[in-house]
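Notes for the structure review
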Amino acid sequence: MKLIKKQIPLAIVFITGVLTLVSYYVPNKTSVNYIETMNKWENIVVAFAFLLGLVSLFFSHYHKLKKKADGWGYSIFVFVGFFAIVIPAYVSGGKQMTDAGLTPLGWSFKYIYNALSGTMFAVLAFYIVSTAYRSFRIKSMQAFVLFVAAFILILGKVPLGQMIWDAVLGWTGAGVNNVIDWIMQVPAVAGKRGIMIGISIGAIVTSLKIIFGIEKQYMGKD
Amino acid sequence: MFKEKLQKFFKIDRRWIFLLLAITLFVPIIKPLGLPNKTIAEATSRVYENIEKLPPGSFVLFSFDYDPSTRPELHPMAFALVRHAFSRNLRVGVVTYIAGSTGLIEELFAKVSKEYNKTDGKDYVILPYMPNILAVLTQMSSDLYGIYTKDRNGTPLQDMPVLKGVKNYKDMSLIVCVTGTAILDYWVAFVGDKYSVPVAGGVTAISQPGYGPYLQTNQLKGLIGGMKGAAEYESLIKQPGKGTSGIDALNLAHLLVLVLILTSNIILLIVKYF
Amino acid sequence: MSETWIILGGWLAAGLTIFLFSFLYKDNPFFKIAEHLYLGAGMGWLFQVSVANVWIPKIWEPVSKGELLVIIPSIMGLSLLTQFIPKISWISRYGFTFMMGYGSGLAIPAGLSTDFMSQVEGTIKPFSLLASMSPFAIFNSLLIAFGAICVLFYFFFSVEHKGHLKKVSNVGIYFLMIYFGAAFGNTVMARFSLLYGRFDDLYTFAGTKYLYATQIILAGMVLYFLAHWLSAGRHKVPSEENA
C-alpha cells in the first residue's frame, strides 16, 4: 500500500521533474515530443483544479442552507450568482458576442460579473487613503526615504502635481518625470534586483527539494 | 485644549475620509479639470517604437490577461495597443490565460475592428482561453497548433489568412502582454529569454516598479504602467481615450493623499513637541 | 439585445456597485447579497470558460473521435477531487505530484537564467561599455551594482550584522525603502484608477438613457440607512477604531 500511496507519487514527481528539466537543455526530437505531450496533459489536469474551489464553495454554502445556520439566506445568492452566468452561457453556446451584438452571456459578463468584480477591488482605494492618514508615520530616516520616494511618485504621476513641481522646483531644471524615470531606473532597480536574485535562489532550491522528494508538504499527511 | 482638539481631529471617523475621497474623485468625472497628461515615460515610448518600426503585415501577439478587477487601468492600454497595431496594418493574434478577460477582449475587438474596418480571421484572430499558461507557452515554441486548433468561436485555425506562415515564436515579430498578474514574468522567462522573441508589457501601477530590472537588461522591450501609462500611450497614438480622462480625474485625489499624510504627521509632531 | 435589456443591465450593474460600496458606511444585507452573488458569479464564470474552452474541445471531442490518451490526464485531474474524501485523499497525490514535478522542472532553468544570471549580467555588463558612457550613466550603473549588492547582503547575512557588514546591509535597507516607496506611490495610483473605473460607470448609469439608475438606487440606500437609524433608537454610531 505504501508503494501506491507514497512511492509511486514520489516517483512521478521525480521523473516528470527531471525529464522536464532535462528537456529544457537538450533540444532534440524526443525531448520536444515529450514536452509537447506533457504540455497538453498539464493543460487538462489544471482545467480540473478549479473544481477544488467550486466544490468547497458549494459544500459550505449547501451546509449552511441545510442547517439554516446564521445568515443562511445569503447562501442562496451564491447559487443565484453561479446560475446567472452558467445558464446564459449554455443558452449562448459559450459565445459572448455575435453580429447582432451581446449574447445573454455577454450581457451577464458586462452587467453582473464586471460590476461585482470591479467594485470588490475598487473598495480598497478607500482603505489605502484612510491608512495613509492614520498609519503613515515618518518616524525614522528609513521611513523618511520611503516617504520621499512615494511623495514624488504620487505627485508626479498627475498633471496637477507636475504643475506644482514646476512652480516650486522648476528652477532646478529637472522635471518631475525625469526624477521619476531616474528613481524607477536606478535605485528602485537596485532594490528590486536584490530581491529578485534572492528569491530566484530560494525558488531554485525549493524546486530541487520538490523534485528529489525532500519537500513533500503538498502531499498532505498519510 | 488645542492639543486635545488636534488629537480628536486626528482620530476622526474614517468614513469622513471615505466621503472626501469619493467627492474628490467623482466631481472631476462630472466636470473634467481639462489637465491632460503631458509627460511620457521612456519605458512607454519604447513599446510604441517597437510597434511603430514593424513593417505592415508583421504578426503581433497580444496576451491580454486581466479581468474586470483591473479593467480601468489595463483596458485603455489594450485599446490603445490594438488601435496602434491596426493603424500600422499589422496582423494581430490574441491569447489569454485569465478566464475573466474573455469578455473584455470581445468588447475591445467589437469596437476597434469596426473603427479600422478589420475582419475576424483575416486581420486578427482571438484564440480561446487556456488554463495553464506554462504548458501553452512552452508548446507555442514548437507548434502553436499543437494546443490551439480553433479560435474562440470554434472556427478551425487551418487556412485562416491571418495566421498564414505563423507556426511558432520565430514567425512573430513582437509579443505584448497586458496583465495585472505575474503572467508577464512568464512571457519574459519562458519565451523572451529562451527563444529571443521581443516581449513588451503593460501592467498595473502596482506591479510596474518590479519590472525595472527587466527593462534595464532589455529582457523587456518596453513597459506601459498603470493609468498614467495608458494616458501616455493614448497621447503617443494621438487618440485620447479612457486613460486620458482617467488621469484627469485622478489629479485631485492624488493631492488629497499627500495632504492627508502631511496633515497627520504634522499633527503628531505638534502633539509630541508642544 | 434590446434597449430594455440594456437599461435593465444598467440598473443591475449600478445596484450591485452601490450595494458593495455601501459596506464602507456600514455592514448591511444589500452588501451581503452582492458579496455572495460575487462568489457565485466568479465561480460560474470560471466554470463556463473551462467547459467551453477546455473540457469540450480538449477532452470530449478527442475522446468521441477515439483519441483515448487524453483520458489519462483527465483522471489525474479528477483525482484532485478525492481531497474532499479523507479516506481516499491520497489518490489526489497522483494529480498533485504531476503538477509539481512539471512546474518545478520548468521553474529551475527559467529562474536560473531570467532572474539570476541575466540579472547578474545586467549589473556587470555596463562596465564593459564604460568608454561610450556619459559620466552620469556610469554613476547610475555603479549605483545599481552597489545597491543590489547591499540588498543581497541584507538578505543573506541575516545571522548577526556587525561592524562593516552592518553598515553595508543598512545601506541596502535604504535601497529597499526607495523601491517600497515607489511601489506604495504607484499602489495609490492603481487603487484610485480602479475606483475611478467604477465611478465612471456609475456616472454613465446616472444618465437619462438609463433612467437615472444611479441616483435612484443611491437615494434608496440613503433612505434605508436613515430608516434603520431611526428604528434602532438613534443610538450613537460606533466610531471605528483602526483604519
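Given the structure is predicted, the values throughout are model-derived calculations rather than measurements.

Below, the discussion takes up unusual backbone geometry. Despite not being glycine, K238(B) has its phi angle at roughly 60°, a positive value. Assignment of secondary structure puts K238(B) in the loop between α9 (226-236) and α10 (242-273).

Okay, the nonpolar core next. Counting residues in hydrophobic clusters, the biggest one holds 208 residues, and the most contacted among them are L116(A), V82(B), I175(B), V176(B), A41(C) and I178(C). In terms of residue count, the dominant contributor to this core is helix α6 (residues 163-205) of chain C (20 residues). Sequence-distant contacts of A41(C), that is, excluding residues within four places in its chain, are made with G81(A), F82(A), A84(A), I85(A), I112(A), Y113(A) and L116(A).

This next bit is on the domain arrangement of chain B. Here chain B is partitioned into domain 1 (2-32 + 250-273) and domain 2 (42-239). When each unit is reduced to the centre of its C-alpha atoms, the spacing between domain 1 of chain B and domain 2 of chain B is 40 Å.

For the rest of this paragraph, the subject is the pairing of strand β5 (residues 199-203) of chain B. All names here are of chain B. Most of β5 is tucked away: five of the five residues are buried. Side chains of β5 alternate between two faces, with V199, G201 and V203 and A200 and G202 buried alike. By the bridge criterion, five bridges tie strand β4 (residues 174-179) to β5 in an arrangement that is parallel. The residue bridging V176 from the neighbouring strand is A200, located in β5. The handedness of the β4 to β5 crossover, carried by helix α7 (residues 183-195), is right-handed. Direction of pairing for β5 relative to strand β6 (residues 223-225): parallel, over a ladder of three bridges. Bridge pairing links V203 to G225 in β6.

A separate point is the interface of chain A and chain B. Facing the 50 residues of chain A at the interface are 48 residues of chain B. When residues of the side of chain A that touches chain B are traced back to their parent elements, those giving at least two are α2 (29-67), α4 (104-122), α5 (124-135), α6 (141-156), α7 (159-169), α8 (176-185) and α9 (187-211) of chain A. Residues belonging to the side of chain A that touches chain B are distributed by class as follows: 26 nonpolar, 13 polar and 11 charged.

Before going further, it helps to spend a moment on the sheet that holds strand β2 (residues 91-95) of chain B. Residues and elements named next belong to chain B. Read from one edge to the other, the open sheet built from six strands follows the order β3-β2-β1-β4-β5-β6, with strand pairing classed as parallel. The outermost strands of the open sheet, each flanked by one partner alone, are β3 (124-126) and β6. When strand polarity is set aside, the average angle formed by the axes of neighbouring strands in this sheet is 15°. Each of β1 (59-65), β2 and β3 is contacted by helix α5 (residues 102-115), which is oriented at about 160° to β3, the strand it contacts most. Against the sheet, α9 makes contact with β5 and β6, and its axis sits at roughly 120° relative to β6, the strand it touches most.

Rules used throughout
Residues numbered from 1 in each chain as written. Chains lettered and ligands numbered in written order. Predicted model: local features only at pLDDT ≥ 70, side-chain atom pairs only at ≥ 80, totals over all residues. Helix = DSSP H or I, 4+ residues; strand = E, 2+ residues; numbered from the N terminus. Core = buried A, V, L, I, M, F, W, Y, C linked by C-beta atoms within 7 Å. Buried ≥ 20, exposed ≤ 12 C-beta atoms within 10 Å, placed from the backbone. Contact = placed C-beta atoms within 7 Å. Domains from an automatic or database assignment. Pairing = 2+ DSSP bridges. Right-handed = clockwise from strand over helix to strand, strands pointing away. Nonpolar A, V, L, I, M, F, W, Y, C, P; charged D, E, K, R; others polar. Axes fitted to C-alpha atoms, helices over the stretch in contact; angles between N-to-C directions.

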